[in-house]
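Examining the three-dimensional arrangement
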Amino acid sequence: MRDANDTCIIICNMENLDPMGVHTGDSIVVAPSQTLSDRDHQMLRNSALKIIRALGIEGGCNVQFALAPRPDVVAWDGSDDATCLPYHVIEVNPRVSRSSALASKATGYPIARVAAKIAIGKSLHEIQNSVTERTTAAFEPALDYTVVKIPRWPFDKFAAGDRHLGTQMKATGEVMAIDRTFEGALQKAIRSLEFGQRSILWESPDWGDHPPLDATDERIWALIASLRRGRTPMEIAHDCGVDPWFLERFARIVAMERRLLAEDLTPTLLCAAKRLGFADRDIATLADRLPEQVRALRDEWGIRPAYKMVDTCAAEFDAVTPYFYSTYEEENEALPNLDRERMLVVGSGPIRIGQGIEFDYCSVRAARALQDAGVMSILANSNPETASTDFDTSDRLYFEPLDEESVRDLLENEAGGGEAPPSIVQFGGQTAVNMAGPLHAAALPIAGSSADTIDLAEDRGRFEAILSSLDIPQPPGAGVRTLEDAFTTAAAIRYPVLVRPSYVLGGRAMEVVHDESELRRYFGAALAEGTGAVLIDKYLDGPEVEVDAICDGNAVLIPGIMEHIERAGVHSGDSMAVYPPQRLTAEQRDAIIDYTTRMALALGVRGLMNVQFVIAPSAQPDGPGVFVIEVNPRSSRTVPFLSKVTGVPMVQLAVNIMLGKSLKDQGYEGGLWPERDLVAVKAPVFSMAKLIGVDTFLGPEMKSTGEVMGIDHTFDAAVRKAMIASDLEVRPGTPVLLSLARQTKDEATPLVHLLHAAGCPLYATEGTAAMIRGLGIPVTEVTKILEGHPNVVDVIRDGSVGAVINTIEGGRAEVRRDGFHIRRNATEMRIPCFTSLDTARAAIEALAAPDDYSVQPLIEYRDGMTS
Amino acid sequence: MPAGSSPASAPFEKPRSVLIIGSGPIVIGQAAEFDYAGTQACKAMREEGIRSILVNSNPATIMTDEGVADVTYIEPLTVDVVERIIARERPDALLPTLGGQTGLNLAMELAEAGILDKYNVRMLGSTIRTIKLAEDRQLFRDLLTEIGEPTPKSAIVETFEDAQAALDEIGLPAVIRPA
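Conventions used here
- Residues numbered from 1 in each chain as written.
- Chains lettered and ligands numbered in written order.
- Predicted model: local features only at pLDDT ≥ 70, side-chain atom pairs only at ≥ 80, totals over all residues.
- Heavy atoms only, no water.
- Domains from an automatic or database assignment.
- Contact = heavy atoms within 4.5 Å.
- Buried area = accessible area lost by both parts, 1.4 Å probe.
- Salt bridge = Lys/Arg side-chain N within 4 Å of Asp/Glu carboxyl O.
- Helix = DSSP H or I, 4+ residues; strand = E, 2+ residues; numbered from the N terminus.
- Phe/Tyr/Trp six-rings, centres within 6.5 Å; stacked < 30°, edge-to-face > 60°.
- Buried < 20%, exposed > 50% of the residue type's maximum accessible area, 1.4 Å probe, protein only.
- Lys NZ or Arg CZ within 6 Å of the ring centre and 35° of its normal.
- Axes fitted to C-alpha atoms, helices over the stretch in contact; angles between N-to-C directions.
- Parallel < 35°, antiparallel > 145°, perpendicular 65-115°, else oblique.
- Left-handed = near helix turned anticlockwise from the far one by under 90°.
- Nonpolar A, V, L, I, M, F, W, Y, C, P; charged D, E, K, R; others polar.
- Disulfide = S-S within 2.5 Å.
- Pairing = 2+ DSSP bridges.
- pLDDT = per-residue confidence, 0-100.

Points about the domain arrangement of chain A
Residues and elements named next belong to chain A. If you check the domain split of chain A, you get domain 1 (15-143), domain 2 (202-301), domain 3 (306-445), domain 4 (490-535), domain 5 (543-675) and domain 6 (716-848). The partner domain 3 presents 18 residues to the 21 residues of domain 1 that form the contact. Carbon and sulfur atoms supply 64% of the area buried between domain 1 and domain 3, which totals about 1,400 Å² over both sides. Sorting the residues of domain 1 by area buried against domain 3 places Lys105, Val131 and Thr132 first, and these three jointly supply 42% of that buried surface. Our count for the domain 1 to domain 3 interface comes out at 0 salt bridges. Among the elements that make up the side of domain 1 that touches domain 3, the one with the highest residue count is helix 2 (residues 98-107) (5 residues).

Dropping the structure here:
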């Protein structure tokens, strides 16, 4: 940080575990640096200060260095440099960055806040340190603990993606953990990742005697696995360039694994293992016990975590901001405040596909709602990037893994020997809601919907029974375990059918299959992955509709209905959602309100619930044709969007219900909240250009990383703004390449006419070109990839076309390899690529609409004011 | 005097209103950290009695929630949109360094299009010159050489032939990235 008086301080020095060549955002990072001598440290510090002064930055800045490795590990070839200094300056970011967010959370020093104040003319010595309230922002933070950050990569969603790490970042989010030792922080960070059930003990079945040490998301496990196979830290360091210091630490972890395998579990051994960060679950695996038995032993032997404060000053001054981490030491600094009513908000962990920033929004709003109601808010989360882990969001913050062990430990700490405060699990996405079962089993109280309500909504058998008792239709289907049963079920309900493994939520590995051969292939793959049962549902071809609802046990408020632009079969997180709905009949709308209300009451929801419907009148000729696809007994990713466009403070209402207030007490009543006179479109945003090898077509598996909103007074203007904000805008006259699957050609006819009318020159592959010519519209035919030039990829790469519409045969991608290359090339050239005719139609219709849109504060749209 | 710094005697008037540009949708490389940073910036402005005007296209953020900024726009992050916001709100200043690369790039585009000058909007935090010095690899390398700080051997090339020639000089392994 530097101010206009030229006062400069260093906030944090951090070290990448991965050697140069891996993007910092994809590196495991440790703070403070662990392998630098004091002399190295002072040298880099002086260089950083010199650079920030030379650049004249007023505010924050981040400097990245490459430091010469230890000479006994790698020979340093920088000796021909004129300065003879053992480091190089790699890069400077003259702004607040990902690294500065991490540095803020690692030290407690609010870099963005201080940078903003410097920008308006304040000096460092004039800005108060809000953590100590005694020191100023001119004090350099001091750390008496170790911090480890691990990136969260999306390869659980994209198994086909290239896992190698390099200069292009691939992680969607990150976790951070704090402890008194590096080993403890590392193990807690691994537990925070929520990457399947992958613990420190995980090994790939493919590794054999020589785990690959190249830079991938799995390298940390491969390094430890190599040590297990008897390789020495120095040998491994020579092979991969990771500093031997880190490998020696991993070796201590491996040595403890051996002790836990071989020795009797004594209080001394268990305590030593906990100090090295071993989870109860891993100790149980190694010492041949159940996790609950390890916990019972800890209770019996008094081996409990103490909580230490992150105070920015290594305890030199008293701190007032209660920000804590666990460690196995004496002296607990987080004594519970038993005089006040308190509640825990369980956060959502790292940003990943399917669980994004929406849930952080909900956690922050929940903490604020508790404070507004005079209740002390306690927040637990493992994500250093977010607002929820900011020092002043909650009354007390625990920076901890969001697993059963850590959440129970901190609740027991808060109980102080008495009753633990209730936990709110419905705002932190699936991470938090998954805690309901374990907390309930441990007799810890849950605020809002009970563990049984959550189980009712998530257990397919129980949920079906409820729906059928309420006479609410859902697409027919069944869970099957054998291929024969699958064929029988699919034949009975008729193809196409939607298939998915029974245990995974969030749309993973879900597919629409159209015939027996596709079903056979899916079933074979699912069995190979060890999936037990497969769920088969009738795929109903129709628009999808989504609602969020708030229930107090007597009344059910529906703030708004959202209609998806893409039909069912595209994951709701990847669909464009429109508020208010544009195509629903009054009868359909009434059915949605009626079903939602009755389901919320029957399930016993207290707080938020999300329901997804498909509208298929042809499947129910004598009724409204509204079918329930899915119910989530928690806050959903549409809550921030819907809260903002309707003005209904959804999270606050839900929290107050948990505190015993009814909707009526809060001035609301049941039913659909009056629709606002505006149109808002939520559009997904993808990061596909950065994920080599990943197919971009839209399907039942979620792929987007973020979202934008277009809001205006008319549907066309709102869609157009959503398209602009998500980089999907097609301008009149843009040349468009079409490559359409056989069964979508008829449906695409009006689209082709619209494109032609908008002056867009058309390019198409053979079959599609024939169809376009048949409509009497000129078209340039391009060949397939292997049939010469210019082929489909050439016209994308040389800029001949500015947008692509590509639909896939049978809803599946791999059958048409040319299609994959079309989509990848369009993505890499960053031109719009539509794989759903519904999205394409919205974009093309918006193109034909009048050119103007409004620019107004959000609140003016809500109030129906035009500019 | 170091490059880019303002003379110590220059009068600095505290702005009355500040435009803050958010970072848009969450994508790989630009995630929730800028929601956190922007939210802190809005709170800091409030503490200082400065009116904050926020624009971001991402509705899932805390920063775009009611009560964080004084005026909130959820609109596409384009030069056209932000110019219309500036014309309407007439902020004294623009804070470009808290919205990640997206916010910084948009601020630079607004400056280059003459919009900041047209509406008399001051850039806070970093001057355009500072940003260019840090972001332009050639200018940055020249600056480091001038102050005696070592940088890896590197070259900026535009053709494959030049790349091959540069590689003969630099050697392998080498890092390739857009300039």
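Notes on the packing of aromatic side chains
All names here are of chain A. Scanning all chains against the criterion turns up 12 aromatic pairs over all chains. Seen in terms of ring centroids, Trp202 and Trp221 are 5.8 Å apart; in terms of plane orientation they differ by 80 degrees. Their pairing is edge-to-face. With Trp202 in the loop between helix 4 (182-192) and helix 5 (219-228) and Trp221 in helix 5, this residue pair connects regions lying 19 residues apart in the sequence. Residue class for Trp202 comes out partly exposed when judged on its relative accessible area of 22%. Ring geometry for Tyr307 against Tyr398: centres 5.1 Å apart, planes inclined by 85 degrees, an arrangement best described as edge-to-face. Here Tyr398 lies in strand 11 (residues 396-399) and Tyr307 lies in strand 7 (residues 306-309), a separation of 91 residues in the sequence. By the burial criterion, Tyr307 is buried, and Tyr398 matches it. Aromatic ring contacts, followed pair by pair, group Phe182, Trp245, Phe246 and Phe250 into a single cluster. Across the ring face of Phe697, the terminal group of Lys703 is positioned such that the distance to the ring centre comes to 4.0 Å.

What to know about the environment of Cys271 of chain A
By the secondary structure assignment, Cys271 of chain A is in helix 8 (residues 267-275). A relative accessible area of 28% means that Cys271 of chain A is categorised as partly exposed.

Here we look at the packing of helix 2 of chain A against helix 1 (residues 33-47) of chain B
One way to put it is that helix 2 of chain A packs onto helix 1 of chain B with a least axis distance of 9 Å and a crossing angle of 70 degrees. Comparing their axes, helix 1 of chain B and helix 2 of chain A come out roughly perpendicular. As helix 2 of chain A packs across helix 1 of chain B, the resulting crossing turns out to be left-handed. Seen from helix 2 of chain A, the contacting residues are Arg98, Ala101, Ser104 and Lys105 of chain A; seen from helix 1 of chain B, they are Glu33, Phe34 and Tyr36 of chain B. Of the residues contributing to the contact of helix 2 of chain A with helix 1 of chain B, the split by class is 3 nonpolar, 1 polar and 3 charged.

Remarks on the state of the cysteines
Residues and elements named next belong to chain A. One pass over the structure, following the stated rule, counts 0 disulfides over all chains. Cys12 takes part in no disulfide bond, and the closest cysteine sulfur, belonging to Cys61, lies 14 Å away. As a non-bridged cysteine, Cys362 has Cys551 as the owner of its nearest cysteine sulfur, 18 Å distant. Relative accessible area serves as the criterion here: at 0%, Cys362 is assigned to the buried category.

Observations concerning the sheet that holds strand 10 (residues 376-381) of chain A
All names here are of chain A. With mixed pairing, 7 strands are arranged side by side in an open sheet as 7-8-11-10-9-12-13. Among the strands making up the open sheet, the edge pair consists of strand 7 and strand 13 (446-447). Direction of pairing for strand 12 (residues 423-424) relative to strand 13: parallel, over a ladder of 2 bridges. For Ile424, the partnering residue across the bridge sits in strand 13 and is Ala447.

Points about the confidence of the model for chain A
Chain-level statistics for chain A give a pLDDT mean of 92 and a share of 96% at 70 or above. For the stretch residues 504-508 of chain A, pLDDT sits under 50, and the model shows 11 contacts to residues farther than four places along the chain or on other chains.

Here's the deal with the pairing of strand 19 (residues 556-567) of chain A
Residues and elements named next belong to chain A. Burial analysis of strand 19 places 11 of its 12 residues in the buried class, which makes it a mostly covered element. Note: strand 18 (residues 543-551) against strand 19, 7 bridges, orientation antiparallel. Within strand 19, the position partnered with Val545 by the bridge is Glu563. Connecting strand 18 to the antiparallel partner strand 19 that follows it, the hairpin turn spans 4 residues, and Gly553 within it adopts a positive phi of roughly 105 degrees. Sheet analysis places strand 19 next to strand 20 (residues 577-579), joined by 2 bridges and oriented antiparallel. Looking at the pairing, Glu563 lines up with Val578 of strand 20.

Side note on the interface of chain A and chain B
On the side of chain B, 80 residues touch chain A, which itself brings 85 residues to the contact. For chain A, the biggest contributors to the area lost against chain B are Ile120, Ile357 and Val855 of chain A; these three give 11% of the whole. Where chain A meets chain B, there are 13 salt bridges. Between Glu47 of chain B and Arg113 of chain A there is a salt bridge; the shortest N-O distance is 3.1 Å.

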